[in-house]
Amino acid sequence: MRQPDAPRYEDVYTHLFRQPQPQRIQIGSSQADILQPARGFLEGFDLTMQTQVGCPAGCFFCYVPAGRMLTPSDLRGSRGERWGFEVRRKRDVHKKLRYHLERGHLAGKTIYWSGVTDPYATPAQETRGIWGLLNAAPAEQRPRRIVIQTRFRPDRDTEAIAQYSQATTAADGGPAVVVSASIGTDQDEFIRAWERAAPSFGQRMDAIRRLREAGVFVVPTLSPFGFWGDLSGTLEAFRSWSIPFITVLFFKRNTPSSNTPPRFLTYLERHYPTLLDPHWQAEQLHRMRQAYGRSRVLPGKVGFTALTTPHQVM
Ligand code: SF4
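Residues numbered from 1 in each chain as written. Predicted model: local features only at pLDDT ≥ 70, side-chain atom pairs only at ≥ 80, totals over all residues. Heavy atoms only, no water.

J.: Hey, could you run me through the site of the ligand in this one?
T.: In the neighbourhood of the ligand, the contacting residues comprise Cys 55, Ala 57, Gly 58, Cys 59, Cys 62, Trp 83, Thr 117, Asp 118 and Arg 151. Taken together, the residues that form the shell around the ligand break down as five nonpolar, two polar and two charged. (Near = heavy atom within 4 Å. Nonpolar A, V, L, I, M, F, W, Y, C, P; charged D, E, K, R; others polar.)

Take a look at the structure:
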């Protein structure tokens, strides 16, 4: 079936906000801490970790700018129009992490990294330093589990992540690190149109493959579920990389948390209503389950919760 044509990011931006998109991304700094207690829909996690405020990916479907408590209003703009165009990097990230590790604040905890900004839309030296500290930490200071939520490229730290995963024993017998790798479509034109700065489909698949080859536990997260040219081929690739299960999130409206922002929902209703159609969504889920196995395709909250104890899914 021919997929609908994708527009350009700047055109969607103008359509949503009735103004041209900002010309550049403003980079500032923040004194805020990097750890917060996990609340709301993050139940099952103990802590969240963020090393920056704001996210340079600027995805139109991102729920963060739509949640009043999730990010400062001056950073996202009153209508979400500044989201993706201002980032405040937290100061002394490594010093703060060392402080928390040494005081045992992370010990035995399940950490979601991150939920309100992409942990890998950050300078490489920052994440490299984080893994350096984690790898140097004694066993009793280490978290039980770190779940990396990203649509960028954690494979730049493959060796350090694999080293940490292999050397860390989680008390519940599950993996010490889980990479939840978000991919919503294999159509790069839609990625360029809706996720301004995120990597292409091919780059994300490369990242998953490299991490799996190094033995890292990866859960591909088909989110938000868009149009696919070759969904079966993608599932086949996941199978060949021995990926135990995948999770799926459709565009969300009227759910208790992390809904797609209303402006983008209105845009989808007008231009791509199929993506919001419950019958179409059920059909896609059925198709995926037939191809990958019923218990290995976890939708919505079930899939999200499974990230906290992924070994229990198998
Ligand atoms: S990468 Fe994630 S956090 Fe960043 S804008 Fe996109 S959906 Fe939001």
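The discussion continues.
J.: What should I look at first to understand unusual backbone geometry in this one?
T.: Peptide bonds are mostly trans, and most non-glycine residues show a negative phi. Omega for the peptide link from Trp 113 to Ser 114 comes to 20°, which places this bond in the cis form. With respect to the helices, strands and loops of the structure, Ser 114 is situated in the loop between strand S6 (110-113) and helix H4 (124-136). Residue Ser 223 is joined to Pro 224 through a cis peptide bond whose omega torsion reads -20°. Its identity as a non-glycine residue notwithstanding, Arg 18 has a phi of 55°, on the positive side. By the secondary structure assignment, Arg 18 is in the loop between helix H1 (9-17) and strand S1 (26-30). Relative accessible area serves as the criterion here: at 65%, Arg 18 is assigned to the exposed category. Positive phi is not limited to glycine here, since Ser 242 has a value of about 55°. (Helix = DSSP H or I, 4+ residues; strand = E, 2+ residues; numbered from the N terminus. Buried < 20%, exposed > 50% of the residue type's maximum accessible area, 1.4 Å probe, protein only.)

J.: Would you explain the sheet that holds strand S9 (residues 217-222) in this entry?
T.: Strand-to-strand pairing in sheets goes through backbone hydrogen bonds, with the strands running parallel or antiparallel. Taken together, eight strands build an open sheet; the order of strands is S2-S3-S6-S7-S8-S9-S10-S11 and the sheet is mixed. The open sheet terminates on both sides in strands that have one partner only, identified here as strand S2 (35-37) and strand S11 (297-299). Adjacent strand axes in the sheet meet at a mean angle of 25° when their direction is disregarded. Examined bridge by bridge, strand S3 (residues 47-49) and S6 share two bridges and lie parallel to one another. Bridging from a neighbouring strand, Leu 47 pairs with Ile 111 of S6. (Pairing = 2+ DSSP bridges. Axes fitted to C-alpha atoms, helices over the stretch in contact; angles between N-to-C directions.)

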